[in-house]
Amino acid sequence: RQVLLGGLVVWSAATCATPLAAASSVPALLATRAVMGVGEAAAVPTLQAVAARFVQPERRSLFWGCLTASLSCGTIAAYVLAPPLIAEQGWPFVFEAFGAAGLSIAVLWAV
């Protein structure tokens, strides 16, 4: 649970930092995106541990099906939401908003 929380915080903070890194230099941008990937890499292994601990064995297939569908729905939602946000607020806003959303979820997960 704590590893997933840490990964989510790192991943989301790196997402928020992407515009600043992009304005700084290409190496800073690449480093920030690599850090984001490190944080994101914690998701699947730790979710497996969460499922093993908190989801009844006969419900785990449903859990993974819902989780996988949610990930796909999140991607689709980002594809729908990002273009108008970019048009209205600029591309940095999208990284800041999505990163802030992840940090908000981290706060909820920590409670």
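Relevant structure appears above.
In this text, all values refer to a predicted model and were calculated from it rather than measured experimentally. (Residues numbered from 1 in each chain as written. Predicted model: local features only at pLDDT ≥ 70, side-chain atom pairs only at ≥ 80, totals over all residues. Heavy atoms only, no water.)

Caption draft 1: Structural detail: the overall build of the protein chain. The number of helices and strands found in the protein chain is five helices and zero strands. Counting from the amino terminus, the protein chain carries its helices and strands in the arrangement α-α-α-α-α. Oriented by its inertia axes, the alpha-carbon framework of the protein chain measures out at about 50 × 25 × 25 Å. Taking all 111 residues of the protein chain together, the buried fraction comes to 23%. Put simply, of all contacts in the protein chain between residues at least 6 apart along the chain, 61% involve residues at least 24 apart. A total accessible area of about 7200 Å² is found for the protein chain, and carbon and sulfur atoms account for 72% of it. (Helix = DSSP H or I, 4+ residues; strand = E, 2+ residues; numbered from the N terminus. Buried < 20%, exposed > 50% of the residue type's maximum accessible area, 1.4 Å probe, protein only. Contact = heavy atoms within 4.5 Å. Areas by Shrake-Rupley, 256 points an atom, 1.4 Å probe, with all protein chains shown as cover.)

Caption draft 2: How the structure looks around helix α3 (residues 43-54). Counted at 1.5 Å a residue, the expected span for α3 with its twelve residues is 16 Å, and the 16 Å between its end C-alpha atoms agrees. Those residues of α3 that fall on the buried side of the exposure criterion are A43, T46, L47, V50 and A51. All buried residues of α3 fall inside an arc of 145° around its axis, so they share one side. Contacts from the buried residues of α3 go to α1 (2-24), α2 (26-41), α4 (60-89) and α5 (91-110). (Expected span 1.5 Å × (residues − 1). Arc of directions from axis to C-beta.)

Caption draft 3: Highlighting the packing of α1 against α3. The N-to-C vectors of α1 and α3 enclose an angle of 150°; their axes lie 9 Å apart at closest approach. When the axes of α1 and α3 are compared, the pair comes out roughly antiparallel. Crossing handedness for the pair α1 and α3: left-handed. Where α1 abuts α3, its residues V3, L4 and W11 lie against A43, T46 and L47. (Axes fitted to C-alpha atoms, helices over the stretch in contact; angles between N-to-C directions. Parallel < 35°, antiparallel > 145°, perpendicular 65-115°, else oblique. Left-handed = near helix turned anticlockwise from the far one by under 90°.)

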